[in-house]
Amino acid sequence: MTDRLESGWASGASARGRVVEGDNLELLRSLPDGCIDLVYADPPFNTGRRRASARLRTTRSADGDRTGFGGRRYRTVMGETRGFDDRFDDYAGFLEPRISEIRRVLAPHGSLYLHLDFREAHATKLLLDHIFGPEAFLNEIVWAYDYGGRPKDRWPAKHDTILVYVREPGRHFFDAEAVERIPYMAPGLVSAEKVARGKLPTDVWWHTIVPTAGNERTGYPAQKPLGILRRIVSASSAPGAWVLDPFAGSGTTGVACLELGRRFLLVDESPAAIEVMRTRLPEEHGIAFERLNPSTLGPREGSDRNRRPG
Ligand SMILES: C[S@@+](CC[C@H](N)C(=O)[O-])C[C@H]1O[C@@H](n2cnc3c(N)ncnc32)[C@H](O)[C@@H]1O
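All values derive from a computational prediction rather than experimental measurement. (Residues numbered from 1 in each chain as written. Predicted model: local features only at pLDDT ≥ 70, side-chain atom pairs only at ≥ 80, totals over all residues.)

Novice: How do you make sense of the packing of helix H5 (residues 226–236) against helix H6 (residues 252–260) when you look at a structure like this?
Specialist: How two helices pack is summed up by the angle between their axes together with the distance between the axes. It is at 9 Å that the axes of H5 and H6 come closest, and there the two elements cross at 55 degrees. Relative to H6, the element H5 is oriented oblique. Here the hand of the crossing between H5 and H6 comes out right-handed. On H6, the residues that touch Leu226, Leu229, Arg230, Val233 and Ser234 of H5 are Thr252, Thr253, Val255, Ala256, Cys257, Glu259 and Leu260. Across the contact of H5 with H6, the residue classes break down as seven nonpolar, three polar and two charged. (Axes fitted to C-alpha atoms, helices over the stretch in contact; angles between N-to-C directions. Helix = DSSP H or I, 4+ residues; strand = E, 2+ residues; numbered from the N terminus. Parallel < 35°, antiparallel > 145°, perpendicular 65-115°, else oblique. Left-handed = near helix turned anticlockwise from the far one by under 90°. Contact = placed C-beta atoms within 7 Å. Nonpolar A, V, L, I, M, F, W, Y, C, P; charged D, E, K, R; others polar.)

Okay, structure coming up:
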């Protein structure tokens, strides 16, 4: 499976990882059937607003509001905002062609993890049943966290939903042994040997959001924690596999793949996301950055697009 992407647009110097700026539907349509081992997709959640975070920058200024190294004065200015639009009139209409293409590019043992929240999880599950078939449903993972405001007129919504579908039921890759184990909730109820080994996580994952301070945080809105991606990548792909993230944002999937020895194809249409990925996934790691360019795309409709890669 390892050399399947090394044709068409994906040929080139680097096979470790590729970051592509452009619309994921165009890119997906250019890929051959069955060339990807795992897809993690974290589309905008349809929150009805623009997701953005502003960056603060400091510039030298005699009448600045801060004093820095050597007593120099600096002025704090609001930098440009990073973000993406998260408003859809027809969310299912946006996802449907993309999910169909994702299914087509998955290898027979491949899986899709689709990350959603309460707004669209129910309707999208029906869409996935329609495209993959209900028998291809593997799991509904609940990622539970505990951060942010607590409205008083309902239960505070503190979880996301990750729907997992497999390309061919019964043939999917899943390596439970590769998953990092977690502490038992009630260690007094199990043997000391089991406590020492830890337990396999269930379909409910308690995990903090990306800490607001700390190295992991990039400032890109809706960045997902590396711990969530490590778990997905280690369970559902083998070392050397190709992992696709068509809504890559800050590139969390790429960072997990680099750590775990998987290859990756990351796509995002936002130049701000690409800028963040350039700092998180430096080119010296053997990662190629490119802009989607129809002339360098691989097989398209009417050519050998439907061939099975060797
Ligand atoms: C929720 S964010 C992904 C966050 C990412 N998982 C992370 O950890 O940083 C969704 C991303 O999808 C991108 N996006 C939305 N529509 C797209 C499209 N049609 N093609 C490519 N990227 C798209 C947005 O620019 C945004 O960066």
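Novice: Would you explain H5 in this entry?
Specialist: Count 3.6 residues to each turn of an α-helix, and residues three or four apart come out pointing the same way. Most of H5 sits inside the fold, with eight of its eleven residues counted as buried. In this structure, the buried residues of H5 make contact with strand S2 (36–41), strand S6 (106–116), strand S7 (137–144), strand S9 (204–206), strand S10 (242–245) and H6. (Buried ≥ 20, exposed ≤ 12 C-beta atoms within 10 Å, placed from the backbone.)

Novice: So what exactly am I meant to see when it comes to the sheet that holds strand S1 (residues 17–21) here?
Specialist: Two modes of strand pairing occur in sheets, parallel and antiparallel, and in both the strands are linked by backbone hydrogen bonds. Read from one edge to the other, the open sheet built from nine strands follows the order S9-S7-S8-S6-S2-S10-S11-S1-S12, with strand pairing classed as mixed. Strand pairing shows two members of the sheet lacking a second neighbour, S9 and strand S12 (287–291), which therefore form its edges. Across the sheet, the mean angle separating the axes of adjacent strands is 15 degrees when strand polarity is ignored. Packed on one face of the sheet, H6 meets S1, S2, S10 and strand S11 (263–268) and runs near 170 degrees to S11. (Pairing = 2+ DSSP bridges.)

Novice: How should I be thinking about the pairing of strand S8 (residues 159–166) in this particular structure?
Specialist: Both faces of the sheet carry side chains from a regular strand, because those side chains alternate between them. Within S8, six of the eight residues are buried, which leaves it mostly tucked inside the rest of the structure. By the bridge criterion, six bridges tie S6 to S8 in an arrangement that is antiparallel. Looking at S8, one finds that Tyr113 is bridged to Val164. Bridging between S7 and S8 involves seven bridges; their strand directions are antiparallel. Across the sheet, Trp143 pairs through a bridge with Asp160, a residue of S8.

Novice: What am I meant to see in the nonpolar core here?
Specialist: As a rule of thumb, soluble globular proteins bury nonpolar side chains together. Judged by nonpolar contacts, the single largest core of 58 residues is most densely connected at Ile36, Val39, Leu112 and Val243. When residues in this core are grouped by element, the largest group, six residues, is from S6. Not counting chain neighbours up to four residues away, the residues in contact with Ile36 comprise Val105, Leu106, Ala107, Gly110, Trp242 and Leu244. (Core = buried A, V, L, I, M, F, W, Y, C linked by C-beta atoms within 7 Å.)

Novice: Quick question: what am I supposed to make of the site of the ligand here?
Specialist: The immediate surroundings of the ligand are formed by 19 residues, with Phe84, Phe247, Gly249, Ser250 and Thr252 found nearest. Residue composition of the shell around the ligand, by class: eight nonpolar, six polar and five charged. (Near = placed C-beta within 6 Å.)

Novice: Help me understand the pairing of S2 in this model?
Specialist: With six of six residues buried, S2 lies mostly within the body of the structure. In terms of strand pairing, S2 meets S6 through five bridges, oriented parallel. Looking at the pairing, Leu38 lines up with Ser111 of S6. Pairing of S2 with S10, which is carried by two bridges, proceeds in the parallel orientation. Opposite Leu38, over in S10, you have Val243 as the bridge partner.

Function-wise, these values are silent; they only describe arrangement.
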